[in-house]
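# Observations on chain architecture
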Amino acid sequence: MSAAQEPHARTAPTVTLPGRPCSAAAALHVVGEKWALLAVREIFFGNHRFEAIARNTGAPRDRLAARLRSLEQAGVVERRPYNERPPRHEYHLTESGRDLAPVIRALLDWGDRWVLEDRPVVMVHEPVADAAGRAAEDAGGDTHAHDLDAAWICRTCGGEVVMHTLTVDVRAPGWDRSGPRQPDPSVG
């Protein structure tokens with residue numbers, strides 16, 4: 001199990017959802033509403049104050065306030081005071097929220113490819129230093145900022161992951177890829 005797969009302290013309350021037991025369903029229960037993900041996007045882009053988040057998402061203020069409260073309760077964002085009188089707070093991503101960066105990037109990439117003709121937002125990689133603090137040029141890499149062309153890489157083998165190389169291993173008791181192993185007597 002890689003460091004990225006190691007369990008962390010759960011920040012969102014455990015929920016029981018109808019249908020297949022699935023981490024994607026549980027994640028969507030927390031962040032799967034449009035205004036929630038757009039708020040995360042704005043905070044990820046560096047906009048921490050409510051006014052900027054509201055302006056840049058286009059969300060109705062009451063709905064945005066409700067989404068920010070639910071994201072805070074789920075441990076995705078945290079409020080930090082920036083003014084005492086009147087009391088004002090900024091929103092910052094927690095570790096859980098920062099882990100949504102690949103989701104935001106994937107949505108941007110998908111929208112660029114399948115929805116919009118122009119790329120209104122581009123992720124830029126600025127390889128200043130590697131994890132050990134060495135300059136990228138010392139490690140034989142490029143030191144110039146460039147548009148991010150990210151790939152899904154397997155941490156175990158180092159290979160690029162493509163759809164035809166994936167299979168699904170369903171580990172939820174009583175379920176397989178096609179659904180529940182035993183028919184649900186309450187359905188029908």
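For the structure, check the block above.
Note that the coordinates shown come from a computational prediction; the quantities given were computed from them, not determined experimentally.

Now for empty space enclosed by the protein. The full count for this structure, using the stated rule, is one cavity of 30 Å³ or more. By volume, the largest cavity amounts to about 50 Å³. Per-class residue counts for the lining of the largest cavity are five nonpolar, no polar and three charged.

For the coordinates displayed, the defined rule picks out zero disulfides. Left unpaired, cysteine 154 is separated from the closest cysteine sulfur, that of cysteine 157, by 3.8 Å. Judged by its relative accessible area of 63%, cysteine 157 is exposed.

Take the pairing of strand E1 (residues 77–83) next. Where E1 and strand E2 (residues 88–93) come together, six bridges link them in antiparallel fashion. By the bridge assignment for E2, proline 81 is matched with histidine 89. The antiparallel pairing of E1 with E2 creates a hairpin that spans four residues between the two strands.

In total, this model carries ten salt bridges according to the counting rule given. Arginine 41 serves as the salt-bridge partner of glutamate 42, at 2.8 Å between the closest nitrogen and oxygen. Residue aspartate 147 pairs with arginine 119 through a salt bridge whose shortest N-O separation is 3.6 Å. One end of the pair, aspartate 147, is in strand E4 (residues 146–147); the other, arginine 119, is in the loop between helix H6 (101–114) and strand E3 (124–125), and 28 residues separate them in sequence.

Between helix H2 (residues 34–44) and helix H3 (residues 50–57), whose axes approach to 9 Å, the crossing angle comes to 120 degrees. Between H2 and H3, the crossing angle belongs to the class labelled oblique. Remark: the crossing between H2 and H3 carries right-handed chirality. Here H2 contributes Trp35, Leu38, Ala39, Arg41, Glu42 and Ile43 to the contact with H3, which in turn contributes Ile53, Asn56 and Thr57.

A surface patch of nonpolar side chains, amounting to about 490 Å² of accessible area, comprises Trp110, Trp114, Val115 and Leu116. When you line up the elements, valine 115 lands in the loop between H6 and E3. Its relative accessible area of 54% is what places valine 115 among the exposed residues.

Cut-offs applied
- Residues numbered from 1 in each chain as written.
- Predicted model: local features only at pLDDT ≥ 70, side-chain atom pairs only at ≥ 80, totals over all residues.
- Heavy atoms only, no water.
- 1 Å grid on protein atoms, 1.4 Å probe; cavity = no way out; pocket = protein on both sides within 12 Å on 5 of 7 lines; lining within 4 Å.
- Points joined across faces, edges and corners; volume = space filled by probe spheres on them.
- Nonpolar A, V, L, I, M, F, W, Y, C, P; charged D, E, K, R; others polar.
- Disulfide = S-S within 2.5 Å.
- Buried < 20%, exposed > 50% of the residue type's maximum accessible area, 1.4 Å probe, protein only.
- Pairing = 2+ DSSP bridges.
- Helix = DSSP H or I, 4+ residues; strand = E, 2+ residues; numbered from the N terminus.
- Salt bridge = Lys/Arg side-chain N within 4 Å of Asp/Glu carboxyl O.
- Axes fitted to C-alpha atoms, helices over the stretch in contact; angles between N-to-C directions.
- Parallel < 35°, antiparallel > 145°, perpendicular 65-115°, else oblique.
- Left-handed = near helix turned anticlockwise from the far one by under 90°.
- Contact = heavy atoms within 4.5 Å.
- Patch = residues over 30% accessible without salt bridge, like charges linked within 9 Å, V, L, I, M, F, W, Y side chains within 5 Å.
- Areas by Shrake-Rupley, 256 points an atom, 1.4 Å probe, with all protein chains shown as cover.

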